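# Structure assessment
For reference, the chains in residue letters:
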Amino acid sequence: MEKELIRLENISKSFDGTLVLDELDLVIHENEFVTLLGPSGCGKTTTLRIIGGFETPDTGRVIFDGKDITDLPPNKRQLNTVFQKYALFTHMDIAENIAFGLKIHNKPKSYIDDKIKYALKLVGLEGYEHRKPSSLSGGQQQRIAIARAIVNEPKVLLLDEPLGALDLKLRQEMQYELIRLKNEIGITFIYVTHDQEEALTMSDHIVVMNQGYIQQEGSPEDIYNEPENAFVADFIGDSNIIDAVMVRDELVNILGTEFPCVDKGFGEMKPVDVVIRPEDVELVSPDKGIITGEVTHIIFKGVHYEMEVTALGFEWLVHSTDMFPVGQTVGIWVDPYNIQIMNKPESEDEEAIPLDV
Amino acid sequence: MFKNKKTSAALSAPYTAWMTIFIIVPLLMIFYYGLTDSQGSLTLANITAIGYGVYFKSLLLALWLSFLCTLICFILAYPLALILARVSKNAGQGLIITIFILPMWMNFLLRTYAWLTLLEGNGIINGILSFLHLPTQHMINTPTAIVFGMVYNFLPFMVLPLYNAISRIDTAVFEAARDLGAGRRQTLFRITLPLSVNGIISGVTMVFIPALTTFAISTLLGGSKVLLIGNVIESTFTQVYDWHLGSGLSIVLMIFIIINMIISNISDARQEAEG
């Protein structure tokens, strides 16, 4: 594990009486690509703005590289931000935009010129020095915003939904571009997004947030394969989230039928939530399944078919490369490893909220 | 908007007629009188008169006082516009603006008369001064009094364009400047001021032009002691009855106004090009 770089301790923040962050603790390590992921209003942007110095927390401390920077203004912090809507200076050309931070810090002209060249090359926009920001496309403007930030050699780059305003194709391109950039300059990226696919693609470490709380932290694989609660499971990818009862270790009762699983330590006859990813629901012939059901919908998605199967009174979402026509009776089989058991939320605050994202 | 040219011609006819009768014809008359003498022969004497004596002095004084007025308005208005643009709507922004333009609901002459009672020899300000056993000041009928009156009357015309321009700047731009290391002062001078230059130019135009051409304020607060070019032109028409000279001097004043408007148009066009 790399060295600790930023530590948020017990951060709370409210706006007009609405609590946005509630006693949040977060540690970010050097050279990580960390993504704060969650629906709008979950507190991810506020967390980023507190790190950037644009908001002061009501309680708690921000520790940067061992120093308390809670009350330091943004211009005194060793980090730079890439804003959602680029926030380029429209009265300056591209070179002046990139040079802004360096001029403020009184760097010599030759150093500034070299840096401009280097940064434009890094973002693939060589020769754009004397263009005006308004003559650039959205994707190009965002690259300039990134160039303008990284020439200052920050220890951390904060990115606030930087790809939000771009179209899908460009967004995917920029995702790879950002990973390449991060590897090339080797600094910490803290990235805010509500797009789970973006988070899974780019991050080393994902922090899933909802309602001012961190719901789960971990690698993209951890978050996707082992969601800790129904909110995370629902937010990251498609999933079947079902009420169930843990009968004993390695056996769970789902809607009246017992399924073998691999999870232990939940106790006996304990109500739980079960997550099964649609690609882990296997459709087999009726006699081979643990349960049987009837196909009610089917959509061709390219790589796979997306089907809905009614069984035990529940609509199971299934992704499969095999096609089963609507109305057919099928068996459902789930590998014990693919049944993810989660504790029910203990308080209302942690309650999983169904989302339309 | 209208595909049929006849329709749009018909719709614009009333205003075209109005404009022709009350704007274009008078303007042509001013040019005719300004460029001829009483015998009707062509001359530039009415225009070159501006270079002499009372005309020249009154023009210089008018330029100087309207410059001062514009400068004071700018210094008063810019910080206010900054605050207004940052105060959110629900925090009483509307109320502040209303209070600010409230004096404009009163008649212009009435407002200026109010300054008369404040500034005159045994007016309110001197009353307070003598009550405090301080020496009374001679304020009425001085250029200073005129500047007071101008600033009071024209300040709202400076605040509103500045406020519009500043509030249109995305707040993320200020944050970006701070993020890149700029302090508050550097952000103001390198980002906010240059990005609001259009508002500054239109505010300056809207204060400078009426200040330059005023004769009501200078008549009331300057008595007949302080003559601005506006007063001179007025008396040339109404007392000397020399329409030729009056028109000539008006043309000179028009040139200053046109210069000001050209600058403002150039900056508008540039802003549009930058998006």
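Residues numbered from 1 in each chain as written. Chains lettered and ligands numbered in written order. Predicted model: local features only at pLDDT ≥ 70, side-chain atom pairs only at ≥ 80, totals over all residues. Heavy atoms only, no water.

The next subject is a nonpolar patch on the surface. A surface patch of nonpolar side chains, amounting to about 750 Å² of accessible area, comprises B:Tyr15, B:Trp18, B:Ile21, B:Phe22, B:Ile23, B:Ile24 and B:Leu28. Mapped onto the fold, B:Ile21 is located in helix H1 (residues 5-34). (Patch = residues over 30% accessible without salt bridge, like charges linked within 9 Å, V, L, I, M, F, W, Y side chains within 5 Å. Areas by Shrake-Rupley, 256 points an atom, 1.4 Å probe, with all protein chains shown as cover. Salt bridge = Lys/Arg side-chain N within 4 Å of Asp/Glu carboxyl O. Helix = DSSP H or I, 4+ residues; strand = E, 2+ residues; numbered from the N terminus.)

For A:Gly331, the location among the structural elements is in strand S19 (residues 329-333). Between the alpha carbons of A:Gly331 and A:Val62 there is a distance of 54 Å; along the sequence they are 269 residues apart.

What follows is about the interface of chain B and chain A. One frequent convention defines the size of an interface as the accessible area lost when the parts assemble. Facing the 19 residues of chain B at the interface are 26 residues of chain A. Around 1,900 Å² of area is buried between chain B and chain A when both sides are counted, 59% of it from carbon and sulfur atoms. At the boundary of chain B and chain A, one finds 1 salt bridge. The salt bridge partner of A:Arg49 is B:Glu175, with a shortest N-O separation of 2.7 Å. Between chain B and chain A we count 5 residue pairs in polar contact (both at pLDDT 80 or more) in total. Secondary-structure elements contributing two or more residues to the side of chain B that touches chain A are helix H8 (171-179), helix H9 (184-195) and helix H13 (243-274) of chain B. The element best represented in the side of chain B that touches chain A is H8(B), accounting for 7 residues. (Contact = heavy atoms within 4.5 Å. Buried area = accessible area lost by both parts, 1.4 Å probe. Polar contact = N/O pair within 3.5 Å; in protein donor to acceptor, adjacent residues only side chain to side chain.)

Residues and elements named next belong to chain B. Axis separation between helix H7 (residues 143-167) and helix H10 (residues 197-213) bottoms out at 7 Å; the angle between their running directions is 160°. Overall, the two elements H7 and H10 adopt an arrangement that is roughly antiparallel. Note that H7 runs across H10; the crossing there is right-handed. Judged by residue contacts, Met150, Phe154, Phe157, Met158, Pro161, Leu162 and Ala165 of H7 engage Gly199, Ile200, Ser202, Gly203, Val204, Met206, Val207, Pro210 and Ala211 from H10. Residues belonging to the contact of H7 with H10 are distributed by class as follows: 13 nonpolar, 3 polar and no charged. (Axes fitted to C-alpha atoms, helices over the stretch in contact; angles between N-to-C directions. Parallel < 35°, antiparallel > 145°, perpendicular 65-115°, else oblique. Left-handed = near helix turned anticlockwise from the far one by under 90°. Nonpolar A, V, L, I, M, F, W, Y, C, P; charged D, E, K, R; others polar.)

Our focus in this paragraph is the sheet that holds strand S10 (residues 213-218) of chain A. Think of a sheet as strands paired side by side through backbone hydrogen bonds, with each pair either parallel or antiparallel. Residues and elements named next belong to chain A. Overall, mixed pairing links the 6 strands, which are arranged S6-S7-S8-S3-S9-S10 in an open sheet. Looking along the sheet, the strands with just one partner apiece sit at the ends: strand S6 (79-82) and S10. Neighbouring strand axes in the sheet, compared pairwise and without regard to direction, differ in orientation by 20° on average. (Pairing = 2+ DSSP bridges.)

All names here are of chain B. As assigned here, chain B comprises domain 1 (1-34) and domain 2 (47-274). Each partner contributes residues to the interface: domain 1 has 5 residues there, and domain 2 has 8 residues. The largest share of the area that domain 1 buries against domain 2 comes from Ile30, Tyr33 and Gly34, three residues that together contribute 74% of it. Put simply, domain 1 and domain 2 have 0 salt bridges between them. (Domains from an automatic or database assignment.)

All names here are of chain A. In this model, helix H3 (residues 109-122) (14 residues) spans 20 Å end to end at C-alpha, consistent with the 20 Å of a helix rising 1.5 Å per residue. Residues of H3 that are buried include every one of Ile112, Lys115, Ile116, Ala119, Leu120 and Leu122, and no others. In a view along the axis of H3, the buried residues occupy a sector of 155°, so they form one face of it. Facing away from the buried side of H3 by over 90 degrees, the exposed positions are Ser110, Asp114, Lys117 and Lys121. On its buried side, H3 packs onto helix H2 (94-104), helix H4 (138-150) and helix H5 (168-185). Of the residues flanking the end of H3, it is Gly124, one or two places downstream, whose phi is positive at about 70°. (Expected span 1.5 Å × (residues − 1). Buried < 20%, exposed > 50% of the residue type's maximum accessible area, 1.4 Å probe, protein only. Arc of directions from axis to C-beta.)

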